[in-house]
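Okay, here's what each chain looks like letter by letter:
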Amino acid sequence: MSPEDRFDALIEADERIEPTDPMPDEYRRTLIRQIAQHAHSEIIGMQPEGNWITRAPSLRRKAVLLAKVQDEAGHGLYLYGAAETLGVDRAELLDLLHAGRQRYSSIFNYPTLTWADVGAIGWLVDGAAIMNQIPLCRCSYGPYARAMVRICKEESFHQRQGFELMLELSQGTESQREMAQDALNRWWWPSVMMFGPPDVDSPHTERSMAWGIKRFTNDELRQRFVDQTVPQADLLGLEIPDPELRWNEERGSYDFGEPDWGEFKRVISGGGLCNRQRLATRVDAHEDGAWVREAAAAHAAKVAARAAEAAA
Ligand SMILES: [Fe+2]
Ligand SMILES: [Fe+2]
């Protein structure tokens, strides 16, 4: 069987492609781009919430938020590891991020103005992330699919801690309820846009679906997210800021308004409120960590030399 036939047969049988299997260059490139973008989003995503760790209102909330932000660092780690199985070095990927040549999710270019934003991010942003990521546990590329299984378990904790925070605020004082509503107003549309452009403007969707990288289209996932989230907002007694939102009996789904795709494009191409700040903070953190990488590399070299000596 030729390498091409073997790849096609594995995809056809819905089996996993492993790092040593033959794969088309374009499949490899697509995955590197997608996994890198995903890894970058995890670590940049630590910033908006990390901003609130020192101001968490109780010890319990601080511990929960710390754990969540650390989880996101871990997600970045698994994903850079998964990308490396495709033959790239994570240092290369970080250089591309720092040079602005690879993207991360545009949601993290919005500011976190109040404590309620921590709740809204967990509830909506992590909620949307789970919706996107659960199908990735069945992605055709083995190392990516396996990384996603663990990530999804942690994301579900993130979503629940966010919802619980929103519940406490929405049942609290009038000003706490208002703060929760204000956070929902600001985070709703950016979250709906997290699924990417509408299917008609998403040129790679078809090929990614044929390769088993993607299992559902952007619009399908967006619809699921809306259908799942509206009853949760009802439970919170908060109002989703979309005048066109209504239950469609015939479709058994919610109809909803069109996001501002102009804003989406603007934020993606650098025009969001926090794009510069996020990237600058990331580059500073990387430069500050240079001594740690050097020390780790020196230690690894020593251990390897000692092992070689013992074996000689
Ligand atoms: Fe994550
Ligand atoms: Fe998360």
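Just so we're clear, the structure is a prediction, and the values are computed from it rather than from any experiment.

S.K.: Help me understand the overall build of the chain in this model?
M.R.: When helices and strands are tallied, the chain shows 13 helices and two strands. The C-alpha radius of gyration computed for the chain amounts to 21 Å, which stays within 12% of the reference 20 Å derived for 312 residues, consistent with globular compactness. Oriented by its inertia axes, the alpha-carbon framework of the chain measures out at about 75 × 45 × 30 Å. Counting across all 312 residues of the chain, residues that qualify as buried make up 48%. Contacts in the chain between residues far apart in sequence, at least 24 positions, make up 77% of those at least 6 positions apart. Seen as two clouds, the 35 positive and the 48 negative side-chain charges of the chain have centres 5 Å apart.

S.K.: Would you mind going over the coordination of the iron ion (ligand 2) with me for this structure?
M.R.: Note on metal sites: the ideal angle is 109.5 degrees for four tetrahedral donors, and 90 or 180 degrees for six octahedral donors. Here the iron ion (ligand 2) is held by Glu72 (OE), Asp126 (OD), Glu155 (OE) and His158 (ND1), and the distances to it run 2.0 to 2.2 Å. Coordination at the iron ion (ligand 2) is irregular, judged from the four donor atoms that bind it and the angles of 88 to 158° they form at the metal. Taken in sequence order, the residues that donate to the iron ion (ligand 2) follow the motif E-x53-D-x28-E-x2-H. Between the iron ion (ligand 2) and the iron ion (ligand 1), both coordinated by glutamate 72, there is a metal-metal distance of 3.4 Å. With glutamate 72 in helix H4 (residues 59-84) and aspartate 126 in helix H6 (residues 116-133), this residue pair connects regions lying 54 residues apart in the sequence.

S.K.: Even after reading the chapter, I still don't get the environment of glutamine 102, so can you show me in this structure?
M.R.: Note that glutamine 102 resides in the loop between helix H5 (90-98) and H6. Separated by 207 residues in sequence, glutamine 102 and glutamate 309 have C-alpha atoms that sit 42 Å apart. Setting aside residues no more than four positions away along its own chain, glutamine 102 makes contact with Ala36, His40, Leu93, Leu96 and Leu97. In this structure the side chain of glutamine 102 is engaged in a polar contact, spanning 2.8 Å, whose partner is the side chain of histidine 40.

S.K.: Would you take a moment to explain the environment of glutamate 244 for this structure?
M.R.: Mapped onto the elements of the fold, glutamate 244 is located in the loop between helix H10 (218-236) and strand S1 (246-248). Of the residues examined, glutamate 244 reaches a relative accessible area of 48% and is grouped as partly exposed. In this structure, the C-alpha to C-alpha distance between glutamate 244 and phenylalanine 256, residues twelve residues apart in sequence, is 5.3 Å. Not counting residues up to four positions away in its chain, the partners in contact with glutamate 244 are Asp255, Phe256 and Gly257.

S.K.: Where do I start with a negative patch on the surface in this structure?
M.R.: A cluster of acidic residues, Glu4, Asp5, Asp8 and Glu12, forms a negative patch at the surface. In this structure, glutamate 12 sits in helix H1 (residues 3-12). Here glutamate 12 falls in the exposed class, since its relative accessible area comes to 70%.

S.K.: Which parts of the structure should I look at to understand the coordination of the iron ion (ligand 1)?
M.R.: Taken together, the protein donors to the iron ion (ligand 1) comprise Glu42 (OE), Glu72 (OE), His75 (ND1) and Glu155 (OE), at separations of 2.0 to 2.2 Å. Viewed at the metal, the four donor atoms of the iron ion (ligand 1) are separated by angles of 86 to 143°, and the geometry they form is irregular. Residue glutamate 42 is classed as buried on the basis of its relative accessible area of 5%.

S.K.: When you look at the pattern of salt bridges in this model, what are you seeing that I'm missing?
M.R.: Between side chains of opposite charge, a pair can form when the charged atoms approach closely. All chains considered together, the criterion is met by 19 salt bridges. A salt bridge links glutamate 18 to arginine 146; the nearest nitrogen and oxygen atoms lie 2.8 Å apart. One end of the pair, glutamate 18, is in the loop between H1 and helix H2 (25-44); the other, arginine 146, is in helix H7 (residues 142-170), with 128 residues separating them in the sequence. Here glutamate 154 makes a salt bridge to arginine 150, at a shortest N to O gap of 3.9 Å. Placement of both glutamate 154 and arginine 150 in helix H7 is noted, with a separation of four residues, approximately one turn of the helix. With a relative accessible area of 18%, glutamate 154 lands in the buried category. Taken together, the shared-partner salt bridges in this structure form one network comprising Glu49, Lys68, Glu72 and Asp126.

S.K.: When you look at the nonpolar core in this model, what are you seeing that I'm missing?
M.R.: Here is a general trend for soluble globular proteins: nonpolar side chains tend to be buried in one another's company. Among the nonpolar cores identified, the biggest contains 78 residues, and Tyr27, Ile35, Tyr141, Tyr144, Trp187 and Trp188 are the most heavily contacted of them. Sort the elements by how many residues they give to this core and H6 lands first, with ten residues. In this view, isoleucine 35 contacts Leu79, Ala82, Ala83, Leu86, Tyr141 and Tyr144; residues no more than four positions away in its chain are not counted.

S.K.: Before we go on, may I ask you to explain the packing of aromatic side chains in this structure?
M.R.: Any aromatic ring pair is given by two values, namely how distant the centres are and how the planes are angled relative to each other. Inspection of every chain in the model, using the stated rule, returns nine aromatic pairs. When the ring of tryptophan 261 is compared with that of phenylalanine 264, the centres are 5.3 Å apart and the planes differ by 90°; the resulting orientation is edge-to-face. Of this pair, tryptophan 261 and phenylalanine 264 both sit in helix H11 (residues 261-271), three residues apart, which is roughly one turn of that helix. Put simply, the rings of Phe7, Tyr27 and Trp211 pair up and form one aromatic cluster. The ring of tryptophan 52 carries arginine 55 above its face, with NZ or CZ at 4.0 Å from the centroid. Its end group placed over the ring of phenylalanine 216, arginine 224 keeps NZ or CZ at 4.1 Å from the ring centre.

Cut-offs used in this document
- Residues numbered from 1 in each chain as written.
- Chains lettered and ligands numbered in written order.
- Predicted model: local features only at pLDDT ≥ 70, side-chain atom pairs only at ≥ 80, totals over all residues.
- Heavy atoms only, no water.
- Helix = DSSP H or I, 4+ residues; strand = E, 2+ residues; numbered from the N terminus.
- Rg over C-alpha atoms; globule rule 2.2 N^0.38 Å.
- Buried < 20%, exposed > 50% of the residue type's maximum accessible area, 1.4 Å probe, protein only.
- Contact = heavy atoms within 4.5 Å.
- Lys, Arg positive; Asp, Glu negative; His and termini not counted.
- Charge placed at Lys NZ, Arg CZ, Asp CG, Glu CD.
- Donors = N, O, S within 2.8 Å, 3.2 Å for Na, K, Ca; no water.
- Tetrahedral: all angles 85-135°; square planar, octahedral: opposite > 155°, others 65-115°.
- Polar contact = N/O pair within 3.5 Å; in protein donor to acceptor, adjacent residues only side chain to side chain.
- Patch = residues over 30% accessible without salt bridge, like charges linked within 9 Å, V, L, I, M, F, W, Y side chains within 5 Å.
- Areas by Shrake-Rupley, 256 points an atom, 1.4 Å probe, with all protein chains shown as cover.
- Salt bridge = Lys/Arg side-chain N within 4 Å of Asp/Glu carboxyl O.
- Core = buried A, V, L, I, M, F, W, Y, C linked by side-chain atoms within 4.5 Å.
- Phe/Tyr/Trp six-rings, centres within 6.5 Å; stacked < 30°, edge-to-face > 60°.
- Lys NZ or Arg CZ within 6 Å of the ring centre and 35° of its normal.

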